[in-house]
Amino acid sequence: MRSYGKFLFSMLMAAIALSIFSCGGKDGAIATMETQAAAPRMSAKAAEFTDTAVFDDVVMEEAVEAEMDYGAVPEPTVAGASGGGSGGQNPAGQQERKLIKTGSISLEVEQLASAEEAVLEWCQSFGGYVASSFNHETNAAFTVRIPAVHFDAAMAAAGNLGRVRSRNVSTQDVSEQFYDLQTRLDTRKILRDRLQAYLTQAANMEDLLGIERELNSTLTEIESMEGRMRRLSNQIDYSTITVDLQLPYRTTDQGFQWPSLDRNVRRFLSNVVDFFVDFVAIVLYIVIFGVPILALVAFLYWLLLGRMGLLKRIFKRLK
C-alpha cells in the first residue's frame, strides 16, 4: 500500500513538471516568432526578382504590410496651420482643412507716396512681406504675402488705407491634394527605409545593383514630393493680397492736372499726319502689287476666254 502511494505521488509530480515545461516552451516559441516577425528582413520573394517593376511592386507591398501589421513607421499627423509636419493622422472627418486664400483690394488715395509707405507699414504689422511692386505717376500696385492666420484681419485693415473701390476674396480648398501628397510621401519613405535594410542583406551583386537602382529612384521621388509639399505648404501658410492704389482722375502727387491745349493740338496734328502717311502707304501697296496682279488676270482672260480663246477652241474640238 505504501509503495502504491509513492508510485501515485511520483506520477503526479511528473505530470505537474511536464505541464510547466510545455507551457513555458510554448510561450517562449510564441515570443520568438513575434520577435522575428517584427525584425526588419528581406523576404525570399523580394530577393528572387531582378526585374525593376516586379521588384518595386514586391518591396512596396512589403513596406505597406510592415506599416500596417508591425507599426514600423508611425502614421502621419495632420499638420496644423503652419504647414507640413507629420505625426499621427486623425480620422478623415477630423482632418484640418488646408486652404489657399487670395485677396485683392483697389483703393483711391489722395497722395501716392504716403499711401505706399502706409501699405508697407500695414504689411509689416501683420508679419508679411512685399513679393512684388509697381509704381506709376498716377497709380501703384503691391503684391504682398501675409500669414494665413492674419488674412481676414489684414483684408479688413487694408480698407483703412484709402477709399475702397473694389474688394475680392477667394479661397481654394487643397485638403485632398495636401493629404494625398503627404500619404504618398510617407509611403515612399517607408519604402526607402526597407530598401536601405535590404541593401545590407543582398545575397549577390545582381541583387545589390537592383536594390541600389530602386533606392536611387525612390530617393528622387521623395525629393520631388518634398519640394511640392514645401511649395504647397507655403501657399497655405502665406496668403496673397494684391493692393492697387489709384489717384483721383487727372491728379498726381503735385495736384490736379488741367488739360493742356498744346499737348492736345500736337496730338491732333500727329494723328492727321499719321492718317495721311498710312493712306499713301496703302496707295503704294496697290500700285506696286495690285496693278501687276490685275494685268496678269487680264492677260489670262484674253488668252483663255477672250480673243485668243484657247479654251473655246479646245471645247469645240472635243465636241
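Attention in this report is confined to the structure presented alongside it. Computed from a prediction, not measured in an experiment: that's the story for all the values here.

**A short note on the overall build of the chain**
Link 1 in the chain: A tally of regular secondary structure across the chain gives nine helices and seven strands.
Link 2 in the chain: Here the chain, with 319 residues, has 25% of them falling under the buried criterion.
Link 3 in the chain: In the chain, once contacts between residues fewer than 6 apart in sequence are set aside, the share between residues at least 24 apart is 69%.
Link 4 in the chain: Element-wise, carbon and sulfur atoms account for 60% of the exposed surface of the chain, whose accessible area totals about 21600 Å².

**Describing the sheet that holds strand 4 (residues 163-173)**
Link 1 in the chain: Within the open sheet, the five strands sit side by side as 2-3-5-1-4. Their pairing is mixed. Looking at strand neighbours, the two that pair on one side only are strand 2 (129-135) and strand 4, the edges of this open sheet. Neighbour to neighbour, the strand axes of the sheet diverge by 10 degrees on average, direction disregarded.
Link 2 in the chain: In terms of strand pairing, strand 1 (residues 99-108) meets strand 4 through 10 bridges, oriented antiparallel. Residue pairing across strands places Ile105 opposite Arg167, the latter belonging to strand 4.
Link 3 in the chain: The sheet strands contacting helix 5 (residues 151-158) are strand 1, strand 3 (139-147), strand 4 and strand 5 (238-246), and the helix crosses strand 1 at an angle near 5 degrees.

**Side note on the environment of Ile222**
Link 1 in the chain: Mapped onto the secondary structure, Ile222 falls in helix 7 (residues 205-237).
Link 2 in the chain: Ile222 gets classed as buried once you look at its relative accessible area, which sits at 4%.
Link 3 in the chain: In this structure, the C-alpha to C-alpha distance between Ile222 and Asp186, residues 36 residues apart in sequence, is 8.9 Å.
Link 4 in the chain: Those residues within four positions of Ile222 in sequence are excluded, and the remaining contacts are Leu185, Arg188, Lys189 and Arg192.

Analysis parameters
- Residues numbered from 1 in each chain as written.
- Predicted model: local features only at pLDDT ≥ 70, side-chain atom pairs only at ≥ 80, totals over all residues.
- Heavy atoms only, no water.
- Helix = DSSP H or I, 4+ residues; strand = E, 2+ residues; numbered from the N terminus.
- Buried < 20%, exposed > 50% of the residue type's maximum accessible area, 1.4 Å probe, protein only.
- Contact = heavy atoms within 4.5 Å.
- Areas by Shrake-Rupley, 256 points an atom, 1.4 Å probe, with all protein chains shown as cover.
- Pairing = 2+ DSSP bridges.
- Axes fitted to C-alpha atoms, helices over the stretch in contact; angles between N-to-C directions.

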